[in-house]
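Inside the fold
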Amino acid sequence: MALKITDECINCDVCEPECPNQAISMGESIYQIDPNKCTECVGHFDEPQCVQVCPVSCIPVDPAHVEAKESLWAKYRRLKGEG
Ligand code: SF4
Ligand code: SF4
């Protein structure tokens, strides 16, 4: 599953540099997560780093992008250029 940023985002800029996959970017009015790049931090960290740092807890899992761990690992390898 990729994560998503809700409209409770206060644009504090804290999560964007923490993402190991450069999946977070500024959208039209709030930050957004590219589901093609978000691995839930699989391959990099035990916990989603953006969730850890977000001061307003506005980064839930995205039910529109449900993925099994294997899929997240495959995405991680693809992003690394290994697969
Ligand atoms: Fe980036 Fe990890 Fe957050 Fe996904 S869970 S957006 S990979 S920091
Ligand atoms: Fe928005 Fe949370 Fe990221 Fe701050 S850490 S920019 S509030 S999603």
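Here's a quick rundown of the structure. (Residues numbered from 1 in each chain as written. Chains lettered and ligands numbered in written order. Predicted model: local features only at pLDDT ≥ 70, side-chain atom pairs only at ≥ 80, totals over all residues. Heavy atoms only, no water.)

1. Thoughts on the site of ligand 2
As a matter of local geometry, ligand 2 sits amid 13 residues, with Cys9, Ile10, Cys12, Cys15 and Cys54 nearest to it. Using a 2 Å cut-off from the grid points, one finds that ligand 2 occupies the second largest cavity. Residues that form the shell around ligand 2 fall into these classes: eleven nonpolar, one polar and one charged. (Near = heavy atom within 4 Å. 1 Å grid on protein atoms, 1.4 Å probe; cavity = no way out; pocket = protein on both sides within 12 Å on 5 of 7 lines; lining within 4 Å. Sits in = over half its atoms within 2 Å of the grid points. Nonpolar A, V, L, I, M, F, W, Y, C, P; charged D, E, K, R; others polar.)

2. Some points on the nonpolar core
Burial of nonpolar side chains together is a common tendency in soluble globular proteins. Counting 16 residues, the largest nonpolar core has Ile5, Ile24, Ile33 and Ile59 as the members making the most contacts within it. Those residues in contact with Ile24 that lie beyond four places of it in its chain are Ile5, Cys15, Glu16, Cys19, Tyr31, Gln32, Ile33 and Cys50. (Core = buried A, V, L, I, M, F, W, Y, C linked by side-chain atoms within 4.5 Å. Buried < 20%, exposed > 50% of the residue type's maximum accessible area, 1.4 Å probe, protein only. Contact = heavy atoms within 4.5 Å.)

3. With respect to the site of ligand 1
In the neighbourhood of ligand 1, the contacting residues comprise Leu3, Cys19, Pro20, Asn21, Ile24, Ile33, Cys38, Thr39, Glu40, Cys41, Pro48 and Cys50. More than half of the atoms belonging to ligand 1 lie within 2 Å of the grid points that define the largest cavity. Here the shell around ligand 1 is built from residues that sort into nine nonpolar, two polar and one charged.

4. Some details on the environment of Tyr76
Counting through the fold element by element, Tyr76 comes out in helix 2 (residues 69-80). Sequence separation between Tyr76 and Ile10 is 66 residues; the distance between their C-alpha atoms is 28 Å. The contacts of Tyr76, once residues within four sequence positions are left out, are Thr39, Val42, Gly43 and His44. (Helix = DSSP H or I, 4+ residues; strand = E, 2+ residues; numbered from the N terminus.)

5. What to know about the pattern of salt bridges
Close approach of charged atoms lets side chains of opposite charge pair. Applying the stated rule across the entire model yields one salt bridge. Glu67 is the partner of Lys75 in a salt bridge, and the nearest nitrogen-oxygen pair spans 2.8 Å. Judged by relative accessible area, Glu67 falls into the partly exposed class, the value being 21%. (Salt bridge = Lys/Arg side-chain N within 4 Å of Asp/Glu carboxyl O.)

On their own, these measurements won't tell you what the molecule is for.
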